[in-house]
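What follows is the residue order along each chain.
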Amino acid sequence: MELGEVIENKIQQCCVPVDNILSLDANYWSRQYDNKTTNWDLGMASPALVHFVNTIANKQCRILIPGCGNAYEAEYLLSQGFENITLIDIAPTLVAQLKEKYEDNKNIRIVLGDFFELEGNYDVILEQTFFCAISPILRSIYASKMRELLSDDGVLAGVLFNRIFEFDGPPFGGSIQEYLLIFENAGLTVLEMSPTNMSVLPRLNSEAFFKVKKSNKSIPENATVTNTCSIK
Ligand SMILES: C[S@@+](CC[C@H](N)C(=O)[O-])C[C@H]1O[C@@H](n2cnc3c(N)ncnc32)[C@H](O)[C@@H]1O
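Our subject in this report is the structure included herewith. (Residues numbered from 1 in each chain as written. Predicted model: local features only at pLDDT ≥ 70, side-chain atom pairs only at ≥ 80, totals over all residues.)

### Some points on the packing of helix α2 (residues 26-34) against helix α5 (residues 92-101)
Two quantities define a packed helix pair, namely the angle between the helix axes and the distance between the axes. For clarity, the cut-off: Only the stretch in contact is used when fitting a helix axis, every axis being a line fitted to C-alpha atoms; angles between N-to-C directions are given from 0 to 180 degrees. By the criteria applied, helices consist of DSSP H or I runs no shorter than four residues and strands consist of E runs no shorter than two, each listed in order from the N terminus. Here roughly perpendicular refers to angles of 65 to 115 degrees, roughly parallel to angles under 35, roughly antiparallel to angles over 145, and oblique to all remaining angles. By definition, residues are in contact whenever their C-beta atoms, placed on the basis of the backbone, come within 7 Å of each other. Ten residues, namely Ala, Val, Leu, Ile, Met, Phe, Trp, Tyr, Cys and Pro, are considered nonpolar, four, namely Asp, Glu, Lys and Arg, are considered charged, and the remaining ones, Gly among them, are considered polar.
Contact pair α2 / α5: the axes reach a minimum separation of 7 Å and the direction vectors enclose 60 degrees. Taken together, α2 and α5 sit at an angle that is classed as oblique. Judged by residue contacts, Ala 26, Ser 30, Tyr 33 and Asp 34 of α2 engage Pro 92, Thr 93 and Leu 94 from α5. Looking at side-chain class alone, the contact of α2 with α5 contains four nonpolar, two polar and one charged residues.

What follows is the structure, given as structure tokens:
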């Protein structure tokens, strides 16, 4: 098998395809964890997110990871001293394991539930293969929900697939042009949206890094970010 085919198959096997996007519910996701059909799982924090997290100076920032899965990014945040992390995932077995793992850790809160029903206010929200896992018809609701959850200076950042898949999702792909419209239409200001090479090998040349914020206030050139959660 050619390298390209191996890479394509690895992405293809990422999730068990569904005939009906409406069946992407808690049962579907739980089944994937129970059957260990979790080929999306990198086994490590996403390199692009690690790079982004390294730009956040304030360890008290309220950070949310929706559709967190095994939450390797949370492990990285904890290792860097972050003190206010919230994880949410809809899959009960996974969440039970996370709750057990972080039972004694006061810096992390784990929620079993639907992201679209979550309430709260966050300074930083991290996106890592959650957007591509939900039905594309929910994308504008995703963006509006993100806007609702972000604090005034809050930032949503992460990676999105910058390609179309030839097979039924999840994952569901898309393009930078499409994503720009979705976020702008939801009233978010796009700070960055560009192809990234900070991807693991199977996703190389197929991801975009993005950063959007709620406020459209411009940040002065010389603004210091050490004691705030504002991200440039
Ligand atoms: C493709 S997996 C990615 C998991 C993790 N972010 C990673 O990169 O390993 C998508 C995750 O989103 C969760 N999920 C799907 N729909 C959700 C929803 N509406 N609310 C919260 N979590 C959801 C699934 O249970 C699953 O863990």
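### Regarding the pairing of strand β7 (residues 207-213)
Let me state the cut-off plainly: Whether a residue is buried, exposed or partly exposed follows from its count of other C-beta atoms within 10 Å of its own C-beta, namely 20 or more, 12 or fewer, or something in between, respectively; the C-beta atoms are built from the backbone. Any two strands are treated as partners once DSSP identifies two or more bridges connecting them.
For β7, the buried fraction is high: six of the seven residues fall into the buried class. Examined bridge by bridge, strand β5 (residues 150-161) and β7 share seven bridges and lie antiparallel to one another. When the bridges of β7 are listed, Ala 157 appears paired with Lys 211. In terms of strand pairing, strand β6 (residues 189-195) meets β7 through six bridges, oriented antiparallel. Note that in β7 the partner of Glu 192 across the bridge is Lys 211.

### Quick notes on the environment of Ser 30
Position of Ser 30 relative to the elements: it lies in helix α2. Spatially, the C-alpha atoms of Ser 30 and Ala 91 are 4.6 Å apart, while their sequence positions differ by 61 residues. Each residue touching Ser 30, except ones within four places of it in the same chain, is listed here: Ala 91, Pro 92 and Thr 93.

### Looking at the site of the ligand
Selection criterion: Proximity of a residue to a molecule or strand is defined by its backbone-placed C-beta atom lying within 6 Å of that partner.
Looking at the ligand, there are 21 residues lining it, with Trp 29, Gly 67, Gly 69, Phe 115 and Ala 133 nearest. Among the residues forming the shell around the ligand, the class breakdown is 13 nonpolar, five polar and three charged.

### Quick notes on unusual backbone geometry
Geometrically, the link from Gly 169 to Pro 170 is a cis peptide bond, its omega value of 0 degrees lying close to zero. Its place among the elements puts Pro 170 in the loop between β5 and α7 (176-185). Each neighbour pair has its own omega, and for Pro 170 with Pro 171 the value is 5 degrees, a cis peptide bond. Positive phi values are uncommon outside glycine, yet Thr 129 reaches one of about 45 degrees. Relative to the helices and strands, Thr 129 is located in the loop between β4 (122-128) and α6 (139-149).

### Observations concerning α6
For clarity, the threshold we go by: Directions from the helix axis toward the C-beta atoms define the arc.
Every buried residue belonging to α6 is among Arg 139, Tyr 142, Ala 143, Met 146 and Leu 149, and all of these are buried. Relative to the axis of α6, the buried residues are bounded by an arc of 125 degrees and lie together on one face. Taken together, the buried residues of α6 touch β1 (63-66), β4, β5 and α7.

### With respect to the pairing of strand β2 (residues 85-89)
For clarity, the cut-off: When the strands point away from the viewer, a crossover counts as right-handed if the path from the first strand over the helix to the second runs clockwise.
With five of its five residues buried, β2 lies for the most part within the structure. Alternating residues of β2 divide into Ile 85, Leu 87 and Asp 89 and Thr 86 and Ile 88, and every residue in both groups is buried. Pairing of β1 with β2, which is carried by four bridges, proceeds in the parallel orientation. Counted as the bridge partner of Pro 66 is Ile 88 from β2. In the classification by handedness, the crossover that spans β1, the intervening helix α4 (residues 72-79) and the parallel β2 is right-handed. For β2 and strand β3 (residues 108-112), the ladder comprises five bridges, and the chain directions are parallel. Its bridge partner being in β3, Ile 88 is matched across the sheet by Val 111. Tracing the backbone out of β2, into α5 and back to the parallel element β3 gives a crossover that is right-handed.

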